[in-house]
Amino acid sequence: MHVPDGFIDAPVSAVAGVIAAAGIAVSLRGSRRELDDLTAPLAGLTAAFVFAAQMLNFPVAGGTSGHLLGGALAAILVGPFTGVLVVSVVLAVQALIFADGGLTALGVNITIMAVVTAAVGYGVFRLLVRVLPRSRPSATAAAFVAALVSVPASALSFVAFYAVGGTTDVPLSTVVPAMLGVHVLIGLGEALITALTVSSVLAVRPDLVHGARGLSEPLRLVVNEPRRPEEAAS
Amino acid sequence: MYRPGDSPVHRLPPHCKILAVLGFVLAVVATPREQMWAFAVYALLLAGAAAFAGVPYGHVARRVLIEVPFVGFAFLLPFLATGPRVEVLGLEVSQNGLWGAWNILAKGTLGVVASILLATTTEPRVLLLGVERLRVPPLLTQIATFMFRYGDVVVAEMRRMRTARAARGFEARDLRDARILGRSLGALFLRCFERGERVHLAMLSRGYDGRMPVLLRTDASGGQWAASAVLPATAAAVSLAAWMAQWTLL
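Treat the numbers as computed from the prediction; the structure is a model and nothing was measured.

A. How the structure looks around the overall build of chain A. A tally of helices and strands in chain A yields eight helices and two strands. Residue burial in chain A is summarised as follows: out of 234 residues, 56% are buried. For chain A, long-range pairs separated by at least 24 residues make up 76% of all intrachain contacts whose partners lie at least 6 apart in sequence. Accessible surface for chain A amounts to roughly 9,900 Å². Of this, 67% is attributable to carbon and sulfur atoms.

Structure (structure tokens):
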């Protein structure tokens, strides 16, 4: 659900735009360290992946279906800064080329769906990975919790914007529980898919999961004493 | 969404059009919601722009459906909001909520229609060039360009996986099937990442140094700036008039 124009009033939309721009500026600097030399094609293909992953609908219950936000997933896979960039670009392209989400609400959308989900998701993931024993199941569990927390966190940050710049007086005491309840459910789906995706990437290319770097033992080069051909022959 | 055409709107430089739409939407969002006539004028302005650009109204109408989830939310507002109650069609609803619903419906729809007109009259590739002209960091526009360029490839890859799953008798029925979908997504990520590495190496070997060569000049003349300023300037005037009317009312 992308916030359209007119949902948040103009001054708060502008403030959100400044927050989003600052988040992107920090991410532009930080992402250079994440991918050895940050390359546009690599980040672009990751953005295309997030874009495609959002099209993958999974059935939730009673005929409804949900889709991925992808902020936590992108942050765990390619790092928090690149994750913010990637999801922001996806949101901007959706607003500009597919008219999904208002242009004046782009700042709000980027702040709640890219900056907050990536920051919260990655923070929780790193914290858990550090606390839990070093293994693939615990990294999977960490990804599950990270994605689960990231979705209600995003919803709460939306409520915060709405409380300051909302165009209607809806009492917060009814909005907050409803938003949290719905988004914990959505978060469960997000968490399941994120954890399974991270787990399957960990199984094949553990080096590509940025958040789990240092989790596996670095590979050692083992050199056996070379045997002479005549020894082998005898 | 893009519809090829050769109207004056199609020919305007992309960055002029982006700024025009942004200015228009800003004016709309800043308009006090009680001045309903202003929104009618905005709608007429957009209808005029669509006619001028040769965009059929049916094309716009079909794509407006993207905002349906928020329309649902807007219809809930009159029941959720507090404040003085009024009676509408035998239902007691909040007056403030009604205004809120109207506000979201009117401004959201105008914003969506303006964005649709922009995307319909500008090729995505050119649109991204326009964004680059607006001093957005080139890395961001490059990421967007690659995302757009390979989006179809990645989506097609995902469709092939779905076909492969279906051919093996898989059908997502409930949450337990997420295991299969998660594994597919993992494989899709690996293929995307590895394709990104290959593309990057291929570009390096062809002399890529972090900048994309400029293949299309999109310079704007003074006349084009003036032409693209008509829509936002009119909208700004309407917004100002709406504020004046609002103040004289108070």
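On we go from here.
B. A look at the interface of chain A and chain B. The partner chain B presents 70 residues to the 63 residues of chain A that form the contact. Buried surface at the junction of chain A and chain B, both sides included, amounts to about 5,900 Å², of which 82% is carbon and sulfur. On the chain A side of the interface with chain B, the three residues burying the most area are Leu-45, Leu-96 and Ile-97 of chain A, jointly 11% of the side's total. Taken together, the links from chain A to chain B amount to one salt bridge. Taking the shortest distance from any N to any O, the salt bridge between Glu-194 of chain B and Arg-205 of chain A comes out at 2.8 Å. On inspection of chain A and its partner chain B, the count reaches three residue pairs in polar contact (both at pLDDT 80 or more).

C. Representation of the pattern of salt bridges. Taken as a whole, this structure holds eight salt bridges over all chains when the rule is applied. Measuring nitrogen to oxygen at the nearest pair gives 3.1 Å for the salt bridge that ties Asp-207 of chain A to Arg-205 of chain A. Across the pair Glu-34 of chain B and Arg-33 of chain B runs a salt bridge whose closest N-O atoms are separated by 3.7 Å. Take Glu-34 of chain B: its relative accessible area is 34%, and that puts it in the partly exposed class. Through salt bridges that share partners, Glu-157, Arg-160, Arg-191 and Arg-195 of chain B make up one connected network.

D. Geometry of a nonpolar patch on the surface. Residues and elements named next belong to chain B. Judged by side-chain polarity, Leu-19, Leu-22, Leu-26 and Trp-225 come together as a nonpolar surface patch covering roughly 330 Å² of accessible area. For the nonpolar patch, the leading source of residues is helix 2 (residues 14-29), giving three residues. Structurally, Leu-26 is set in helix 2.

E. Examining the confidence of the model for chain B more closely. Per-residue confidence for chain B gives a mean pLDDT of 86, with 98% of residues at or over 70. Reported for the predicted complex are a pTM of 0.86 and an ipTM of 0.86.

F. Fine view of helix 9 (residues 178-205) of chain B. In this model, helix 9 of chain B (28 residues) spans 40 Å end to end at C-alpha, consistent with the 40 Å of a helix rising 1.5 Å per residue. Directly beyond the C-terminal end of helix 9 of chain B, a positive phi value near 95° is found at Gly-207 of chain B.

G. Structural detail: empty space enclosed by the protein. Inspection of the entire model under this criterion finds two cavities of 30 Å³ or more. Within this model, the second largest cavity holds a volume of roughly 30 Å³. Contributing to the lining of the second largest cavity are Val-3, Pro-4, Asp-5, Gly-6, Phe-7, Ile-8, Ser-13, Thr-104, Ala-105 and Val-108 of chain A together with Val-29 of chain B.

H. Up close: unusual backbone geometry. Residues and elements named next belong to chain B. Positive phi is not limited to glycine here, since Arg-135 has a value of about 70°. Relative to the assigned elements, Arg-135 resides in the loop between helix 7 (124-133) and helix 8 (138-167). Taking relative accessible area as the criterion, Arg-135 reaches 76% and is therefore assigned exposed.

I. Representation of the packing of helix 3 (residues 71-78) of chain A against helix 4 (residues 80-97) of chain A. Residue and element names in this part refer to chain A. Contact geometry for helix 3 and helix 4: axes closest at 7 Å, N-to-C directions at 135°. One way to sum up the angle between helix 3 and helix 4 is to call them oblique. Considering only the axes of helix 3 and helix 4, their crossing is right-handed. Between helix 3 and helix 4, the contacting residues are Gly-71, Ala-74, Ala-75 and Val-78 on the first element and Pro-80, Thr-82, Gly-83 and Val-87 on the second. Within the contact of helix 3 with helix 4, the residues separate by chemical class into five nonpolar, three polar and no charged.

J. Just the confidence of the model for chain A, in detail. With 88% of its residues at a pLDDT of 70 or more, chain A has an overall mean of 84. For chain A, strand 2 (residues 65-66) of chain A is the element with the lowest average pLDDT, namely 56, and helix 5 (residues 106-131) of chain A is the one with the highest, namely 93.

Quick notes on the rules
Residues numbered from 1 in each chain as written. Chains lettered and ligands numbered in written order. Predicted model: local features only at pLDDT ≥ 70, side-chain atom pairs only at ≥ 80, totals over all residues. Heavy atoms only, no water. Helix = DSSP H or I, 4+ residues; strand = E, 2+ residues; numbered from the N terminus. Buried < 20%, exposed > 50% of the residue type's maximum accessible area, 1.4 Å probe, protein only. Contact = heavy atoms within 4.5 Å. Areas by Shrake-Rupley, 256 points an atom, 1.4 Å probe, with all protein chains shown as cover. Buried area = accessible area lost by both parts, 1.4 Å probe. Salt bridge = Lys/Arg side-chain N within 4 Å of Asp/Glu carboxyl O. Polar contact = N/O pair within 3.5 Å; in protein donor to acceptor, adjacent residues only side chain to side chain. Patch = residues over 30% accessible without salt bridge, like charges linked within 9 Å, V, L, I, M, F, W, Y side chains within 5 Å. pLDDT = per-residue confidence, 0-100. Expected span 1.5 Å × (residues − 1). 1 Å grid on protein atoms, 1.4 Å probe; cavity = no way out; pocket = protein on both sides within 12 Å on 5 of 7 lines; lining within 4 Å. Points joined across faces, edges and corners; volume = space filled by probe spheres on them. Axes fitted to C-alpha atoms, helices over the stretch in contact; angles between N-to-C directions. Parallel < 35°, antiparallel > 145°, perpendicular 65-115°, else oblique. Left-handed = near helix turned anticlockwise from the far one by under 90°. Nonpolar A, V, L, I, M, F, W, Y, C, P; charged D, E, K, R; others polar.

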